[in-house]
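Coordinate analysis (summary)
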Amino acid sequence: MSRVQTLHVGPDEGDQRLDRWIKRRFPHLQQGRIEKMCRKGEIRVDGGRVKSSTRVEVGQQVRIPPLPDPNEVDNRPRDMSAADIKLIQGCVIYKDDHVIALNKPAGLPTQGGSKQTRHVDGFAEALKFDYDEKPRLVHRLDKDTSGVLILARTRMAAKALTEAFRHRNTEKIYWALVAGVPIPKLGSVKYALVKQGGAGKRGDNEKMQCLHPRDVDKVEGAKRAHTDYTVLTSLADRTAWVALTPVTGRTHQLRAHMAEIGHPIVGDAKYGSVAQENLGDGWGAGMGEEIGRKLHLHARSLRIEHPETGKELWIKAALPPHMQHSWDFFGWKESHAPDSPFEGLL
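Given the structure is predicted, the values throughout are model-derived calculations rather than measurements. (Residues numbered from 1 in each chain as written. Predicted model: local features only at pLDDT ≥ 70, side-chain atom pairs only at ≥ 80, totals over all residues. Heavy atoms only, no water.)

Digging into the pairing of strand 16 (residues 239-246)
Burial analysis of strand 16 places eight of its eight residues in the buried class, the great majority of the element. Where strand 11 (residues 170-179) lies against strand 16, six bridges are found, and the strand directions are antiparallel. By the bridge assignment, L177 is partnered in strand 16 with W241. Where strand 15 (residues 227-235) and strand 16 come together, eight bridges link them in antiparallel fashion. Bridged to Y229 within strand 16 is L244. Taking the residues between adjacent antiparallel strands as the criterion, strand 15 and strand 16 are bridged by three residues, where A236 takes a positive phi near 50 degrees. (Buried < 20%, exposed > 50% of the residue type's maximum accessible area, 1.4 Å probe, protein only. Helix = DSSP H or I, 4+ residues; strand = E, 2+ residues; numbered from the N terminus. Pairing = 2+ DSSP bridges.)

Here you go:
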């Protein structure tokens, strides 16, 4: 066990997330452990409490509590199986010297937690290819959301990509299957979002609650949120294939917004339960059949400036198997949708 350490952020280490800075210094630490030490106030920056997402700057002092020896860590990542390596390498849909893009499978978390041992960040060791360091995450997708996920292969690429996401210099298009057909077929949802605590000590089943925009300044922790949507096609009044673009990037934003307007995303057990008012002719988010057993939300495409060349990088991800099954069932094809569904409409 090490002693308490006070480390300085070096000249080439500024403007990055605290958890990423710590992982570079202490690769044996799991994400869940870092977040726990931040919550307990054991990790501090310039004497103040911080979150794992706090950004550190050159010259700041970081207090690191006693840490176990790397050889004694019980929760270090297990050796990857051949199947895990094949899985994550098979997700690669784009790769160059600076960027790797994955089509993340539904059900695979982006990062680990106290009970998550299989996740993209943990599998990134298998994505080093000819590089010494594993690629870095620069944004996230929910566990049950599939689609385009970008990783940076270098520190400079990570900084540029993180800035692009932070300043919303991106175009993200999601595809979803929703209960009922939204009216109007082109619209915006601008309900604010506030975290609604879950049950138990860990806040299990925590979710976001929608608020009218006029109430955002009255509720502590509420944040403005904006989603644009358009109906691409529908099956009578039962269900619709919609394209969604998050103008803001809040937790569970697309899921909460679609449920709030009465059209929960199919397979969404958190926001589309039978208790949720919906306009899907009684199907709700479950659809009453096998189709409703998995979340039908897919990050279809991402446009972003390439961190090295400055040119537009446009990545598209094919539908996951469960959504492709639903599309086949309804007779829909990916080619039926325009690449830029909001162009000239909003």
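Some thoughts on the sheet that holds strand 4 (residues 48-49)
Ordered by their spatial adjacency, four strands build an open sheet running 1-6-3-4, and the pairing between neighbours is antiparallel. For this open sheet the edge positions go to strand 1 (5-8) and strand 4, each flanked by a neighbour on one side alone. Taken together, the two bridges between strand 3 (residues 44-45) and strand 6 (residues 61-64) define a ladder with antiparallel strand orientation. Across the sheet, the residue bridging to V45 is V62, located in strand 6.

Here we look at the pattern of salt bridges
In this structure the tally under the stated criterion is 21 salt bridges. Its salt-bridge partner being K23, residue D121 comes within 2.7 Å of it at the nearest N-O pair. Here D121 is found in helix 4 (residues 120-123), whereas its partner K23 is found in helix 1 (residues 18-25), with 98 residues between them in sequence. Like D121, the residue K23 is buried in the burial classification. The partner of R224 in a salt bridge is D217, with the nearest N and O atoms 3.7 Å apart. Relative accessible area serves as the criterion here: at 45%, R224 is assigned to the partly exposed category. Using a relative accessible area of 70% as the deciding quantity, one classes D217 as exposed. (Salt bridge = Lys/Arg side-chain N within 4 Å of Asp/Glu carboxyl O.)

Considerations on the UniProt feature "active site" (unreviewed entry) in the protein chain
Per the UniProt record, "active site" (unreviewed entry) is annotated on D142. For D142, the position within the fold is in the loop between strand 9 (136-137) and strand 10 (146-152). Residue classification places D142 among the partly exposed positions, given a relative accessible area of 26%. The residues touching D142, leaving out its near neighbours within four places in the chain, are K104, H252 and R255. (UniProt positions renumbered as here; feature names shortened; annotations may be inferred. Contact = heavy atoms within 4.5 Å.)

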